[in-house]
Amino acid sequence: MYNGYIIPKESTAFMAVWAMPHNESLYPDHEKYNPDRFLNHSKLANKYGASPDYANGDKSTPPTLRHEFDSLSANYFGHGAGRRSYPGVHLAERNMWRITAKLLWAFNIYEAIELKPREMTSIDENAYNSSILVSTFPFKVRVVPRSQERLDVVRREKAKALQFLSKIE
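None of the values given here were measured: they were computed from a predicted structure.

Caption draft 1: Quick peek at the overall build of the protein chain. A count of helices and strands for the protein chain gives three helices and two strands. The secondary structure elements of the protein chain, listed N-terminal to C-terminal, are α-α-β-β-α. Within the span of the protein chain, comprising 169 residues, buried residues form 17% of the whole. Across the protein chain, the fraction of contacts at a sequence separation of at least 24, relative to all contacts at a separation of at least 6, is 50%. As displayed, the protein chain offers around 14100 Å² of accessible surface, 59% of which is attributable to carbon and sulfur atoms.

Caption draft 2: Examining a negative patch on the surface more closely. Taken together, the side chains of Glu-24, Asp-29, Glu-31, Asp-124 and Glu-125 make up a negatively charged region of the molecular surface. Along the chain, Asp-124 falls in the loop between β1 (107–111) and β2 (141–145).

Caption draft 3: Examining the pattern of salt bridges more closely. What the rule picks out here adds up to one salt bridge. Measuring nitrogen to oxygen at the nearest pair gives 3.8 Å for the salt bridge that ties Glu-157 to Lys-160. Of this pair, Glu-157 and Lys-160 are both found in helix α3 (residues 148–166), three residues apart, which corresponds to roughly one turn of the helix.

Caption draft 4: Broad picture of the confidence of the model for the protein chain. Averaged over every residue, the pLDDT of the protein chain is 77; the share at 70 or more is 74%. Least confident of the elements in the protein chain is helix α1 (residues 71–75), whose mean pLDDT is 52; most confident is α3, at 96. Note on residues 60–71: pLDDT under 50 across the span, and 20 contacts to partners over four residues away in sequence or across chains.

About the criteria used
- Residues numbered from 1 in each chain as written.
- Predicted model: local features only at pLDDT ≥ 70, side-chain atom pairs only at ≥ 80, totals over all residues.
- Heavy atoms only, no water.
- Helix = DSSP H or I, 4+ residues; strand = E, 2+ residues; numbered from the N terminus.
- Buried < 20%, exposed > 50% of the residue type's maximum accessible area, 1.4 Å probe, protein only.
- Contact = heavy atoms within 4.5 Å.
- Areas by Shrake-Rupley, 256 points an atom, 1.4 Å probe, with all protein chains shown as cover.
- Patch = residues over 30% accessible without salt bridge, like charges linked within 9 Å, V, L, I, M, F, W, Y side chains within 5 Å.
- Salt bridge = Lys/Arg side-chain N within 4 Å of Asp/Glu carboxyl O.
- Lys, Arg positive; Asp, Glu negative; His and termini not counted.
- Charge placed at Lys NZ, Arg CZ, Asp CG, Glu CD.
- pLDDT = per-residue confidence, 0-100.

Following this line, the structure appears as structure tokens:
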């Protein structure tokens, strides 16, 4: 029994990961893309969903901005939870940050321009599948180097990476 619910032995339970960030009382206007809602959450992902101390929330959040309980700490399970949390969360989070920062440093990313009738294509922010592994549907973008110098850096780094990887082919 857990919180008044009987969970039969050998049951399989799934966390409602999609539903957690869609709780209107914790995330007002949850359908809107708003990364600012996480500005006061300065810890890494493993300190939120995978830490045994998750219930204490983010102490860096000023008391006037805290919810009844810290919403991110209590509801962040993007990398699993408890004994089933992803052990590579540190590497995954840092690599995603580095990849995103490098892409934004080197390139401007725009909506695509269709050749016929030469119109901007609109990206539908709600175009994603609704399966257990949620992902966006394919969409087109235009990737433009911010400068020739930055493009040269990207090409040099690519050449170095390919040389390094050739040793393990």
